[in-house]
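Each chain is listed here by its residues.
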Amino acid sequence: MICDVCGSTGFHSAEVARTFTVEGKLVVVEGIPAEVCDRCDAPSFTADVAERLRRLVHEPHQPDRIIQAEVLHFHAA
Ligand SMILES: [Zn+2]
(Lines give C-alpha, C1' and ligand atoms only; values in the text may rest on other atoms or scores of the structure.)
Protein backbone atom coordinates (compact mmCIF):
# COMPACT_ATOMS: atom_id res chain seq x y z
CA MET A 1 0.00 0.00 0.00
CA ILE A 2 1.36 3.40 -1.05
CA CYS A 3 0.05 6.80 0.07
CA ASP A 4 -1.55 8.69 -2.84
CA VAL A 5 -0.43 12.01 -1.38
CA CYS A 6 3.20 11.52 -0.30
CA GLY A 7 4.21 8.05 -1.52
CA SER A 8 4.96 6.71 1.97
CA THR A 9 4.29 3.03 2.70
CA GLY A 10 3.76 3.30 6.48
CA PHE A 11 0.13 3.18 7.61
CA HIS A 12 -1.84 2.68 10.81
CA SER A 13 -5.52 1.87 11.38
CA ALA A 14 -7.66 4.68 12.76
CA GLU A 15 -11.18 6.06 12.72
CA VAL A 16 -11.46 9.36 10.87
CA ALA A 17 -14.08 11.99 10.09
CA ARG A 18 -14.71 13.27 6.56
CA THR A 19 -16.87 16.06 5.19
CA PHE A 20 -18.95 15.71 2.05
CA THR A 21 -21.04 18.19 0.10
CA VAL A 22 -24.32 16.61 -0.96
CA GLU A 23 -26.65 18.78 -3.03
CA GLY A 24 -25.06 21.91 -1.58
CA LYS A 25 -25.35 20.66 2.01
CA LEU A 26 -22.30 19.93 4.14
CA VAL A 27 -22.40 16.49 5.78
CA VAL A 28 -19.85 15.21 8.32
CA VAL A 29 -19.34 11.48 8.81
CA GLU A 30 -17.42 10.35 11.90
CA GLY A 31 -16.03 6.98 12.93
CA ILE A 32 -14.94 5.89 9.45
CA PRO A 33 -12.42 3.03 9.55
CA ALA A 34 -9.35 4.00 7.53
CA GLU A 35 -5.70 3.25 7.00
CA VAL A 36 -3.95 6.53 7.79
CA CYS A 37 -0.54 7.49 6.37
CA ASP A 38 2.13 7.66 9.12
CA ARG A 39 3.87 10.58 7.38
CA CYS A 40 1.12 12.92 6.11
CA ASP A 41 -2.08 11.67 7.84
CA ALA A 42 -3.92 11.12 4.53
CA PRO A 43 -6.56 8.43 5.01
CA SER A 44 -7.17 5.55 2.59
CA PHE A 45 -10.47 3.65 2.55
CA THR A 46 -11.25 0.17 1.33
CA ALA A 47 -13.60 -0.05 -1.66
CA ASP A 48 -16.29 -1.45 0.67
CA VAL A 49 -15.99 1.48 3.11
CA ALA A 50 -15.96 4.01 0.24
CA GLU A 51 -19.13 2.50 -1.22
CA ARG A 52 -20.90 2.43 2.16
CA LEU A 53 -19.88 6.07 2.73
CA ARG A 54 -21.28 7.08 -0.65
CA ARG A 55 -24.59 5.39 0.16
CA LEU A 56 -24.72 6.77 3.71
CA VAL A 57 -24.47 10.42 2.62
CA HIS A 58 -26.71 10.12 -0.45
CA GLU A 59 -29.54 8.04 0.98
CA PRO A 60 -32.17 9.72 3.17
CA HIS A 61 -30.79 9.87 6.71
CA GLN A 62 -31.42 11.26 10.17
CA PRO A 63 -28.34 13.03 11.54
CA ASP A 64 -26.98 11.86 14.91
CA ARG A 65 -26.43 15.51 15.83
CA ILE A 66 -26.26 18.97 14.29
CA ILE A 67 -23.10 21.08 14.65
CA GLN A 68 -22.19 24.66 13.90
CA ALA A 69 -19.14 25.16 11.70
CA GLU A 70 -16.81 28.07 11.02
CA VAL A 71 -16.26 28.85 7.36
CA LEU A 72 -12.95 30.39 6.30
CA HIS A 73 -11.89 31.51 2.87
CA PHE A 74 -8.39 30.68 1.67
CA HIS A 75 -6.85 33.85 0.25
CA ALA A 76 -4.17 32.99 -2.27
CA ALA A 77 -1.28 35.46 -1.95
ZN1 LIG B 1 1.18 10.18 3.01
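Just above, that's the structure.
Reading the values: the criteria
Residues numbered from 1 in each chain as written. Predicted model: local features only at pLDDT ≥ 70, side-chain atom pairs only at ≥ 80, totals over all residues. Helix = DSSP H or I, 4+ residues; strand = E, 2+ residues; numbered from the N terminus. Rg over C-alpha atoms; globule rule 2.2 N^0.38 Å. Pairing = 2+ DSSP bridges. Contact = placed C-beta atoms within 7 Å. Axes fitted to C-alpha atoms, helices over the stretch in contact; angles between N-to-C directions. Buried ≥ 20, exposed ≤ 12 C-beta atoms within 10 Å, placed from the backbone. Expected span 1.5 Å × (residues − 1).

Please give an account of the overall build of the chain that cites residues and values.
For the chain, the helix and strand inventory stands at one helix and three strands. From first element to last, N terminus to C terminus, the chain shows the α and β order β-β-β-α. Against the compact-globule benchmark of 11 Å for 77 residues, the chain has a radius of gyration of 15 Å, which places it well outside the compact range. Across its three principal axes, the chain shows a C-alpha extent of roughly 40 × 35 × 20 Å.

Let's hear about the sheet that holds strand S1 (residues 11-22): which residues, and what values?
Within the open sheet, the three strands sit side by side as S1-S2-S3. Their pairing is antiparallel. Edge positions in the open sheet fall to S1 and strand S3 (43-44), since each of these has one partner strand only. By the bridge criterion, two bridges tie strand S2 (residues 25-37) to S3 in an arrangement that is antiparallel. Paired with Val36 across the bridge in S3 is Pro43. Across the sheet, helix H1 (residues 47-58) touches S1 and S2, and the angle it forms with S2 is around 170 degrees.

Please provide a residue-by-residue account of unusual backbone geometry, values included.
Even without being a glycine, Glu23 presents a positive backbone phi close to 50 degrees. With respect to the helices and strands, the residue Glu23 is situated in the loop between S1 and S2. According to the C-beta neighbour criterion, Glu23 is exposed, with 6 such atoms within 10 Å. A positive phi angle, near 70 degrees, is found at Asp41, a position not held by glycine.

Explain the pairing of S2 to me, using residue names and the numbers behind them.
When S1 meets S2, the two strands line up antiparallel, connected through eleven bridges. If you follow Thr19 over to S2, its bridge partner there is Val28. Connecting the antiparallel pair S1 and S2 is a turn made up of two residues, with Glu23 showing a positive phi of about 50 degrees. Counting the residues that bridge the hairpin from S2 to S3 gives five residues, and of these Asp41 lies at a positive phi of roughly 70 degrees.

Tell me about the environment of Leu26, and please be specific about residues and values.
In this structure, Leu26 sits in strand S2. Sequence-wise, Leu26 and Val57 are 31 residues apart; in three dimensions their C-alpha atoms are separated by 9.9 Å. Not counting residues up to four positions away in its chain, the partners in contact with Leu26 are Thr19, Thr21 and Ala69.

Could you give an account of H1, naming the residues involved and the relevant values?
Here H1 is twelve residues long and its end C-alpha atoms lie 17 Å apart, about the 16 Å a rise of 1.5 Å per residue gives. For H1, the tally of buried residues reaches only zero of twelve residues, placing the bulk of the element at the surface.

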